[in-house]
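Below are the chains, spelled out letter by letter.
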Amino acid sequence: MVQFALNHAWLVPLLPALAFVIIVFLTRPWPRVSSTVSIAAIFSSFVLASSIAYGVFTNPGFIEKPLEYSLRWFGMEGFTVKVGVLLDPTSTMMLFMVSMVAALIQIYSTGYMEGDPQYSVFFSYLSLFAASMLGLVISSNLLQMFVMWELVGLCSFLLIGFYTFKISAREAAKKAFMTTRIGDFGMLLGLLFLQIIFGTLDLTELAQRVPAFEQFGISLGLLTLIAILVFIGPIGKSGQFPLHVWLPDAMEGPTPVSALIHAATMVVAGVYLVGRTLFLFAEVPGAMEVVAFIGAFTALFAATIALTQREIKRILAYSTVSQLGYMMLALGVGSLSAGMFHLWTHAFFKALMFLGAGSVLHALHNKADVWDMGGLIKKMPITGWTFVIGGLAIAGIPPFAGFWSKDEILAVTLQYATHGHSLGYVLFFMATFTAFLTAFYMWRMIFLTFFGKEKPENHPHESPRSMTFPLIVLAGFATLGGLIGTPWANYWSKWIHFGQPHHGEPSIGLMLLSVFLGVAGIGLAYIFYYKDEEKLRVKQLAERYQTLYKISFNKYYVDELYLWFTRTVVDAGAKVLYWFDIHVVDGIIDGMAGFTKVSGRGLRYLQTGKLQTYALVFFLAVLVITVVLAFGNPTSAGILGGGK
Amino acid sequence: MNVPVLTLTLLAPIIAALIIVFIPKEEDKLCKWVAALGTGVALALSLYVYFGYDQSVGGLQWVDFGGPVPWIRDLGVTYYMAVDGLSLPMLLLTNLIGFAAVFASWNVTLRVKELMIYLLVLIAGVMGTFIAQDLFIFLLFYEVVVIPIYIMVIIWGSSKRVTKEYAGMKLTIYLLIGSAFLLVGVIATFVQSVAITGTPDMSFEGLARVDFPEQFQIYMFGLMLLGFGSLLSMWPFHSWSPDGYAGAPTAVSMIHAGVLKKIGGYGLIRVAIFVLPLGAKFWAPYIAVLGVIGVAYAAMGALAQKDLKYVVGYSSVSHMGYVLLGVASLGVVGVNGAVANMFAHGVMSALFFSMIGFIYERTHTRWIPDMGGLSHQAPRLSVGFMMAAMASLGLPGLISFIPEFTIFVESFRVFGWLAVLAIAGIIITALYVLRAGANTLFGPAREEYNHVRDLRGPEMVPLVLLGGVLVIGGILPSLLFDMVNSGVAPILVHIQEALQIGGR
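As the structure is a prediction and not an experimental result, all values here were calculated from the model.

### Quick word on the overall build of chain B
Stage number 1. For chain B, the helix and strand inventory stands at 21 helices and two strands.
Stage number 2. A globule of 504 residues ought to have a C-alpha radius of gyration of about 23 Å, and chain B, at 22 Å, matches this closely.
Stage number 3. Counting across all 504 residues of chain B, residues that qualify as buried make up 64%.
Stage number 4. In chain B, of all internal contacts separated by at least 6 residues, the share reaching a separation of at least 24 is 82%.

### Comments concerning the packing of helix α17 (residues 336-363) of chain A against helix α22 (residues 465-480) of chain A
All names here are of chain A.
Stage number 1. Following both chains from N to C, one finds α17 and α22 inclined at 150°, their axes separated by 9 Å at the closest point. Regarding the angle of α17 to α22, the classification is roughly antiparallel. In the crossing of α17 with α22, the sense of the turn from one axis to the other is left-handed. Where α17 approaches α22, its residues Phe348, Phe349, Ala351, Leu352, Leu355, Gly356 and Ser359 are matched on the opposing element by Met467, Pro470, Leu471, Leu474, Ala475, Phe477 and Ala478.
Stage number 2. The class makeup of the residues in the contact of α17 with α22 is twelve nonpolar, two polar and no charged.

### What to know about the interface of chain A and chain B
Often, the extent of an interface is quoted as the loss of accessible area on bringing the components together.
Stage number 1. With 38 residues of chain A at the contact, the number on the chain B side is 41 residues.
Stage number 2. For the side of chain A that touches chain B, the secondary-structure elements that each account for two or more residues are β1 (67-76), α7 (142-160), α8 (167-198) and α27 (558-603) of chain A.
Stage number 3. A per-element tally of the side of chain A that touches chain B places α8 of chain A first, with 14 residues.
Stage number 4. Split into classes, the residues belonging to the side of chain A that touches chain B amount to 24 nonpolar, five polar and nine charged.

### As for the pairing of β1 of chain A
Residues and elements named next belong to chain A.
Stage number 1. In this structure, β1 lies alongside strand β2 (residues 79-87), joined through nine bridges in antiparallel fashion. Bridge pairing links Tyr69 to Val85 in β2.
Stage number 2. Where β1 folds back onto β2 in an antiparallel hairpin, the turn is made up of two residues, including Gly78, whose phi is positive at roughly 85°.

### Focus on the nonpolar core
Stage number 1. Core analysis: the largest hydrophobic core is formed by 429 residues, its most contacted members being Ala351 of chain A together with Ala100 and Val347 of chain B.
Stage number 2. The element contributing the most residues to this core is helix α15 (residues 332-363) of chain B, with 19 residues.
Stage number 3. Residue contacts for Ala351 of chain A: discarding those within four places in its chain leaves Val101, Ile105, Ala259, Ala263, Ala264 and Leu474 of chain A.

### Focus on unusual backbone geometry
Stage number 1. Residue Pro399 of chain A is bonded to the preceding Pro398 of chain A through a cis peptide linkage, with omega at 5°.
Stage number 2. Secondary-structure assignment places Pro399 of chain A in the loop between α19 (381-395) and α20 (401-418).
Stage number 3. In this model, Tyr557 of chain A sits at a positive phi of 60°, which is unusual for a non-glycine residue.
Stage number 4. Backbone geometry at Arg111 of chain B places phi at a positive 45°, although glycine is not the residue there.
Stage number 5. Mapped onto the elements of the fold, Arg111 of chain B is located in the loop between α3 (87-104) and α4 (112-131).
Stage number 6. Of the residues examined, Arg111 of chain B has 14 C-beta atoms within 10 Å and is grouped as partly exposed.

### Let's talk about the confidence of the model for chain A
Residues and elements named next belong to chain A.
Stage number 1. This prediction gives chain A a mean pLDDT of 85; 97% of its residues lie at or above 70.
Stage number 2. Taken element by element, the predicted model of chain A shows its lowest mean pLDDT in helix α29 (residues 634-637) (48) and its highest in helix α6 (residues 119-138) (93).
Stage number 3. When the criterion is pLDDT under 50, residues 636-644 qualifies, and its contacts beyond four places in sequence or with other chains add up to six contacts.

### A short note on the confidence of the model for chain B
Residues and elements named next belong to chain B.
Stage number 1. Mean pLDDT for chain B: 89, with 99% of residues reaching 70 or above.
Stage number 2. When pLDDT is averaged over each helix and strand of chain B, the minimum, 85, is found for helix α10 (residues 240-247) and the maximum, 94, for α3.
Stage number 3. With a pTM of 0.90, the predicted complex shows an ipTM of 0.91.

### Section: the packing of α8 of chain A against helix α18 (residues 401-415) of chain B
Stage number 1. For the pair α8 of chain A and α18 of chain B, the least separation of the axes is 10 Å and the interaxial angle reads 70°. Our classification of the angle between α8 of chain A and α18 of chain B gives roughly perpendicular. Between α8 of chain A and α18 of chain B the crossing geometry is right-handed. Seen from α8 of chain A, the contacting residues are Leu192, Gln195 and Ile196 of chain A; seen from α18 of chain B, they are Phe408, Val409, Phe412 and Arg413 of chain B.
Stage number 2. The class makeup of the residues in the contact of α8 of chain A with α18 of chain B is five nonpolar, one polar and one charged.

### Considerations on the environment of Ala306 of chain A
Stage number 1. Checked against the element boundaries, Ala306 of chain A lands in helix α15 (residues 285-306).
Stage number 2. A sequence separation of 270 residues divides Ala306 of chain A from Thr36 of chain A, and the C-alpha atoms of the two residues are 37 Å apart.

### Overview of the environment of Asp28 of chain B
All names here are of chain B.
Stage number 1. Counting through the fold element by element, Asp28 comes out in helix α2 (residues 28-52).
Stage number 2. Note on Asp28: 19 C-beta atoms within 10 Å, which makes it partly exposed.
Stage number 3. Along the chain, Asp28 and Val146 lie 118 residues apart, while their C-alpha atoms are 25 Å from each other.

### Let's talk about helix α2 (residues 11-27) of chain A
Quick reminder: α-helices carry 3.6 residues per turn. Residues three or four places apart thus point the same way.
Residue and element names in this part refer to chain A.
Stage number 1. Every buried residue of α2 is accounted for by Val12, Pro13, Leu15, Pro16, Ala19, Phe20, Ile23 and Thr27. When α2 is viewed along its axis, its buried side chains cluster within an angular range of 165° and face the same direction. Residues of α2 that are exposed and angled more than 90 degrees away from the buried face: Phe25 and Leu26.
Stage number 2. For α2, the elements touching its buried residues are α3 (31-57), α5 (89-112) and α6.

### Section: the environment of Ser322 of chain A
Stage number 1. By the secondary structure assignment, Ser322 of chain A is in helix α16 (residues 312-332).
Stage number 2. Excluding residues that lie within four positions of it along the chain, Ser322 of chain A makes contacts with Thr298, Ala299, Ala302, Ala303, Ala306, Thr434 and Thr438 of chain A.

### A short note on α6 of chain A
Stage number 1. Here α6 of chain A is 20 residues long and its end C-alpha atoms lie 29 Å apart, about the 28 Å a rise of 1.5 Å per residue gives.
Stage number 2. Of all 20 residues that make up α6 of chain A, 18 are buried, and the element is covered over most of its length.

So, how was this worked out
Residues numbered from 1 in each chain as written. Chains lettered and ligands numbered in written order. Predicted model: local features only at pLDDT ≥ 70, side-chain atom pairs only at ≥ 80, totals over all residues. Helix = DSSP H or I, 4+ residues; strand = E, 2+ residues; numbered from the N terminus. Rg over C-alpha atoms; globule rule 2.2 N^0.38 Å. Buried ≥ 20, exposed ≤ 12 C-beta atoms within 10 Å, placed from the backbone. Contact = placed C-beta atoms within 7 Å. Axes fitted to C-alpha atoms, helices over the stretch in contact; angles between N-to-C directions. Parallel < 35°, antiparallel > 145°, perpendicular 65-115°, else oblique. Left-handed = near helix turned anticlockwise from the far one by under 90°. Nonpolar A, V, L, I, M, F, W, Y, C, P; charged D, E, K, R; others polar. Pairing = 2+ DSSP bridges. Core = buried A, V, L, I, M, F, W, Y, C linked by C-beta atoms within 7 Å. pLDDT = per-residue confidence, 0-100. Arc of directions from axis to C-beta. Expected span 1.5 Å × (residues − 1).

Following this line, the structure appears as structure tokens:
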């Protein structure tokens, strides 16, 4: 079984892709059949992925020598592209995580989407989404990866805009596609550079050639530019500042989709891509600093926005942006293992919380404002307590999963700082402050939603088992998933690392700091939003610092700025050009036609049919000829046939 | 090969047209089915030829009657029908779109008999240009297509910004002016070739063997560039394209945008570059600049449009800019990309126009602000529309991504930062395509369109056929690229040789 799985790893993305085709062409009229096909496919993928994981992680050889096979996709002289499979611990971990989370979300969706007229279509999209993401993960070639990357983008476009009757969903879908497209443009340029300079987009070949970039006749400056261009793709995809604006709007899709986008697919694709091309970034310290700084800045920036948001899914969305910043930070300071570790733990607790939020919305009939909720934990114990686990994990309370991965990131950032990068201290400060904010705003949401007084107008009820089962499984992983990477027994960084495995001494001081920040955040939220039943203190604060509150609540007006730019600058430019096209370019052509018309009207008098006119012309012509013959030179007379 | 398969392919629509002549006017359905049969046979034959072509051998194959049949001896004109890797994708494209165009016109009720006859003549004319290996015959077929286009636009057309008579006239005049320049260039080239070699030969191969002086090549290439360029809607000779497509009936828009304008690109490679390589080398940077301007300029133009057909009209100008850029690179990868992109754009724009045609039939509007939520009433139509839109913005997994990518690779290598402007076009393209697509199809259902009926029966043919090609070509690009490469590579080898001799 394990050997079969290793040699047929391409089946992992192919099965959900087949499910998509089957649903679209065959089973669409029967919702239950469609969802069964879809879940059967993703579950089979999960089983295969688990076997692959077993095969890879029990065999230390895979770390040094990944399993790779490929075949020719298309080619011509000087440009050949192969598609294939590249299995190493990193991609294996991703296969396992993505297929598992996707399977759980599909099971959850059978409950959440029940009765939706587009039920089958929804499952077909989910299958395609999973297929594209799994395809991205196993890609052995950057072009292949880019294809899957764009398909992931297409699926998120379709799923965010799934409720086609909503204008807001349509706008959010367009926004997501456009914003990530801008990132893709940069990435495309980066890929073109790599192809032209190194003659390949194959990951393994690139990893061998890029370190010897000077032999290919390029400078460090150009390589830095290339790395930054490639990084623009992940900025768009992983919702990093300044292309983060689409991600919070992505919650317009059905909640299982938000969970999928935020946890297992789409956004982590950018982080994964940076991890995959770390051999490029590692050569250029300048680009690494950019990655690290953008990551840390995004983490802090999004956290300050999350502080004041009111909608439950929006708070979670900004927390995703913030957590993705952490992952980028880790990669930027050079630690693949810390970045991937946080990606892994985040996938579980974020999927858990999004699905939990979906369960709440399901119960409250899509009432989304946390201030209208309260005391839900009594009526919805499973949703509530699993959500609390997620909250503890993201706040960084041991032994929950998020603690270990966040601690790892803080540790590598501090290490980066102490190894001669003064920027590292700034990054470390930003990361620790964000940790405090995270604990605070997450627990603000939890206290407002699940604790405190019940609202009489709400009639919540616990969700069906199809929805609570995935919550329980995810809660298990959110609790225990970090234990494979504790500083005392760090299996994680033994498997997944770039360059030399990370040998950090367990730093008790750092852990204490990390725990303190988490507890302080939760404590502050407890004082403000639980103890203070009327929430007077926070209202006063919001009143007193009105400007700050508004800036945060309105997301620093970044969205407005972009909207203004598109509507005013781009569209006006288009209108001006169009005017130019009609009146100048076309005007010249029409002018030429007009000239022909006018000259035709003038020349018409040559053929009036009036004998007198002809006679006059004839007479004048004879006169001219006579004059020419009399005074002209002999050669010009030659045209009249006058000979030599 | 005893059966002249290419001639038969060419004759299939003509015979169908002749049969329709004898069908009574009232028998609309019968006319349509005969037209479908004729184009269907042509499609089947061209598929047979495409997959029967031996790429490992390459060169001209499926030569009818064993070789060139002398026709006008004094001018060296021969009836010479054969195909290579450059002709075959275009031949296949013509018949794919021709077949689909018949079904896209399925609901026409006005003068069906005449429409079908003109359509079939048009298809045959376009096909002829791609399989003729003789310059004279090539031009002959090229002129054949002008007449039906004009008549079809002014009778079956519809327009808003300008009258359909204006649109038809503009389209025709442009074609004619283009061909006038072309004709001058062709005649001069021919006369010069006779002066050099002493024997008249009108075949592409024969002309390509002649060693024209460099200065002469530059002038002649310039003339041909004007002719082929304006047919390919090269900036600033593009303004016929949006008006023309908007005014034309669906079938004409499909064929014109889909294949007819590709005669420009095909001619540029097959005639201008192949015969006049030194001229090509001189003009290449200018072509690249015009191509890049075209990409960016037309993409912005498309952004300002509110009429669906104008959006696609400008978008097709923009896409042809990529083709020009690929051609101008004069490298195997870029020219391969250009030819493949012509194929890809043909399929995609034909699908686009057929879907817009169906929408217009049902809603009587193409005005984007007046539409919305059509996916509720017509899901299949929406799928077709979205597929065309996604192919238009170069979504990987559909046919147009790899051609664009190959063009980018080569042009970025050759032209550097100039190409970046063209690559940035993908952002603007995404913006206008998504706006057109999402604003037409998504959003709340509108009551006034509750009567809108989804595609069914024969109307499904364009969607299934062209949509299928979009997907297959996207997943298996080598089906197209290996073929194109077998045709393009020898031409570029020839150019390299000529350039080396010329550069002595």
